Amino acid sequence: MATNCTSFRYSFLSIIALFVAAPAAAQLEEIVVTAQKREESLQEVPITISALTAEQFDVFDVTRADDLEYVFANVGTNRNSSGNTGISIRGVGTDNVHLSGQQSVGTYIDDVSTVSPFVSAIAVYDMNRVEVLRGPQNTLYGRNTTGGAVLWHSNKANPGDGTNGYGRVRAGDGGLLRFEGALGFDMGENWAGRVALLTDEFDGLWKNVVDGKDTGGAYDRTGGRFNITWDNDNGSRMELTVSTGELEGEDLPVRMSGDRLADGSIDPDFTNRRADKLTGRDDNYVIATAADVAATPWLQDQYDQGTGVVIDNPNPTGAFNRLINYSTPLGWTYQDPEDNYEAEWDGIRLSFDWEFENVMVSSLTSYDETWVIEKNGQELTGFSPSREGNWKVWQQELRWASTTDSAVQWLAGLYFTGSDSNEDTWVSNTAGAGGMGVRPGVDITSRYEAWSAYAQFDWSVSDALTLSLGLRHTDDELSADNDNWVRTVCGFFPSAVGSIEQTREYREAGCPGAIRLAGNTDSPVQELSEIGWRIGADYQFGDASMIFFSASRGFKGGSYDNRALSTGDDPIGPEFLTAYELGYKSTFAD
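All figures in this text were calculated on a predicted structure; none of them were measured in a lab. (Residues numbered from 1 in each chain as written. Predicted model: local features only at pLDDT ≥ 70, side-chain atom pairs only at ≥ 80, totals over all residues. Heavy atoms only, no water.)

(A) Structural view of the pattern of salt bridges. Per the counting criterion, the structure on display carries 21 salt bridges. Its salt-bridge partner being arginine 170, residue aspartate 61 comes within 2.7 Å of it at the nearest N-O pair. Note that aspartate 61 is positioned in the loop between helix H1 (54–59) and strand S7 (75–79) and arginine 170 in strand S13 (residues 164–172), a separation of 109 residues in sequence. Between glutamate 180 and arginine 178 there is a salt bridge, with its nearest N and O atoms 2.5 Å apart. Counted as one network, the salt bridges with shared partners bring together Asp58, Arg168, Arg178, Glu180, Asp200 and Arg221. (Salt bridge = Lys/Arg side-chain N within 4 Å of Asp/Glu carboxyl O. Helix = DSSP H or I, 4+ residues; strand = E, 2+ residues; numbered from the N terminus.)

Below you can see the structure in the form of structure tokens.
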């Protein structure tokens, strides 16, 4: 099902004053951005854009992608876990826990589109700047940018800079320990290299009274990046960057409500609700075995003391002769021990810029592999979805840009990409504290291919007035035939295998009580051929202020509905957005 919407935005005054110290007086720092694939001053770009430089990362304490919501207006996050954080701009974003969900705001690292929000959680370190573009950006950045785009630019090696670098260490409560550092060095007359490293770990906000472990948003992430640059000082430049990173962690605890009454029967009004948000208290219980309780000393102690946290089940089902209430008047809250995530990312990027007479030719080639597994575990409340995905993505872009001082400036390009991916979702059945049998699972193997051609023209009608036109044609196809779309239903009873381990291989091997269902009746292929566009005008009032207007249309690609309880017969269609914007920029101080 396709979605169309129209957005009116009036940005009559959007000002961020970013000052740096000068020997004699404060001066406004000029920020150079490449939002329009050219180097331009932030104040002279006729679009709504915000940016931070490397120095301002420390000022505003930006260490992760989701920190941007504390810095820029109209920027928010859609947190599905501490690692899976999508960005929303002006209220346009994607709040979807499923890995197949396409984002409405594109995230780019060194001009390479990222396939998963987890990547930006891993790769944000040793940054030169970040640019946040508001509104549809399909003309220059393609699909999945209906809400905007976030452009991260890392520091690169520069021949002639000599040996340089930095190192920063931060420590804090909860076992917080973060190190970020980089070292740049010359490798010859026109060659230079740079190595950047990150380690960042946090044990959690408090201690889990159930198992004695630190908990509450714990994470551990590491990253490494190596860059080689060649520059002949005559307009030609080559950059090769190899990156790797890992991330694992857990979500914050929540107060949860069980699905059993004190007599052991199922609460007919149970709806996976959370316990009272103010007190954390609830009269509901979850079932468990005596062995489950004995395996946790704190629980056994509560049972022995008769505190009411653990009681006998008056109507036991099989071995489940205990009832546990994790939100009793004692005030304890429950942290799910299986609520966690892991991600790995490896990427390589190669770029060339050649300057010829009147034109700059650029090439950008990249290959990335991403693996993610995530579980929003609520085993003790009856529902626990898990997701695993891996993507192998290649991208190639060729771009030509005018370099003359003529009245018409132009830019044109071709973009090609393809990916192979596995996206799996499964749901656990709760039979007790130790029982995590699988319910339905959906395993999808898909392929995505796309190409697009784009161009943008800027015509300086006069010294003050400039008109702009941008067009982009995109053809793409997302396919997964019936043999690569499989639904499996496993036994509805306790399993010795934890939910996080019940992956595709587990289901393919024949999980307990497995029922293997056929794929879709129709091959779920999505094809899209669309044109994104932008028209604009800007008028300069001297050197200090500008008024600009634009109308633009963008689209977000479709995806598969790979929820474990879905049939998958009705894929999610593309989304379209048309936006109109009127803005004003001015410099009020030197």
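(B) Geometry of the pairing of strand S23 (residues 340–356). One ladder, built from 14 bridges, connects strand S19 (residues 237–250) with S23; its direction is antiparallel. Each residue of the ladder has a partner; that of glutamate 239, found in S23, is serine 351. Sheet topology places S23 next to strand S24 (residues 359–375); 17 bridges connect them, and they run antiparallel. Across the sheet, the residue bridging to asparagine 340 is lysine 375, located in S24. Counting the residues between successive antiparallel strands, the hairpin from S23 to S24 contains two residues, one of them, asparagine 358, with a positive phi of roughly 75°. (Pairing = 2+ DSSP bridges.)

(C) Local environment of the sheet that holds strand S10 (residues 112–113). Taken together, five strands build an open sheet; the order of strands is S6-S11-S12-S9-S10 and the sheet is mixed. Looking along the sheet, the strands with just one partner apiece sit at the ends: strand S6 (49–53) and S10. Sheet topology note: the strand S11 (residues 127–134)/strand S12 (residues 148–154) ladder contains seven bridges and is antiparallel. Of the residues in S12, the one forming a bridge with arginine 129 is histidine 153.

(D) Structural detail: the nonpolar core. In terms of nonpolar packing, the biggest core is built from 32 residues, with Leu68 and Trp152 touching the most fellow members. With five residues, the single largest contributor to this core is helix H2 (residues 117–123). With residues up to four places along the chain from it excluded, the contact list for leucine 68 reads Val62, Val75, Val130, Val132, Val150 and Trp152. Formed by 17 residues, the second largest nonpolar core is a distinct cluster that contains Ile31, Val45, Tyr108 and Tyr141. (Core = buried A, V, L, I, M, F, W, Y, C linked by side-chain atoms within 4.5 Å. Buried < 20%, exposed > 50% of the residue type's maximum accessible area, 1.4 Å probe, protein only. Contact = heavy atoms within 4.5 Å.)

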